[in-house]
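# Observations on chain architecture
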Amino acid sequence: MKQTYLYPQNLKATASLWLWSLRDFTIICIALLLSVIIMSQTWFVLPLAFTLCFAFLSIRLDDTTILDFIRYAVKFFITTQQEFKWGQ
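Being a predicted model, the structure only gives us computed values, none of them experimental. (Residues numbered from 1 in each chain as written. Predicted model: local features only at pLDDT ≥ 70, side-chain atom pairs only at ≥ 80, totals over all residues. Heavy atoms only, no water.)

### Describing the packing of aromatic side chains
Under the defined criterion, the tally for this structure stands at two aromatic pairs. Residues Trp 20 and Phe 25 carry aromatic rings whose centres are separated by 6.3 Å and whose planes lie at 40 degrees to one another, so their mutual orientation is tilted. Neither residue differs from the other here; Trp 20 and Phe 25 are each classed as buried. (Phe/Tyr/Trp six-rings, centres within 6.5 Å; stacked < 30°, edge-to-face > 60°. Buried < 20%, exposed > 50% of the residue type's maximum accessible area, 1.4 Å probe, protein only.)

### Here we look at the pattern of salt bridges
For the coordinates displayed, the defined rule picks out five salt bridges. We note a salt bridge from Arg 60 to Asp 63, for which the minimum N-O separation is 3.8 Å. In this structure Asp 63 comes out as exposed when scored by relative accessible area, which is 59%. Asp 68 is the salt-bridge partner of Arg 71, the closest N and O atoms lying 3.3 Å from each other. Here Arg 71 pairs with Asp 68, and both are found in helix H3 (residues 66–79), just three residues apart, close to one helical turn. Through salt bridges with shared partners, a single network forms among Arg 60, Asp 63, Asp 68 and Arg 71. (Salt bridge = Lys/Arg side-chain N within 4 Å of Asp/Glu carboxyl O. Helix = DSSP H or I, 4+ residues; strand = E, 2+ residues; numbered from the N terminus.)

### Details of the environment of Thr 79
For Thr 79, the position within the fold is in helix H3. Looking at Thr 79, the relative accessible area reads 58%, which means it is exposed. Looking at Thr 79, its side chain comes within polar contact range of the main-chain oxygen of Lys 75, at 3.4 Å. (Polar contact = N/O pair within 3.5 Å; in protein donor to acceptor, adjacent residues only side chain to side chain.)

What follows is the structure, given as C-alpha cells:
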C-alpha cells in the first residue's frame, strides 16, 4: 500500500521560507550581512542595493520568480537561436 502525505504536496515540494526558496533565503541573508558590514565601514551602498534587488526578484509565488521569468526571456530572445519554417 502506497502511503500519501497531505503536507506539503505529498512531500515532493521544495523547501521554502516565507516568500523565498531556502537556497535564495540563505543567499539573501549572507549577502545582507556582508552588505551591512561593507556599508558600515565604507558608506558604499551599492552591495546593499544589489542584495535588496535580488531579494525582490527572487520572491517565489506559484513556484516561479521574476528572476526565472527574466532568465527564460533572455534565453528565448538572446541566447537561443530561433528557427522559423514557412510552408504552404
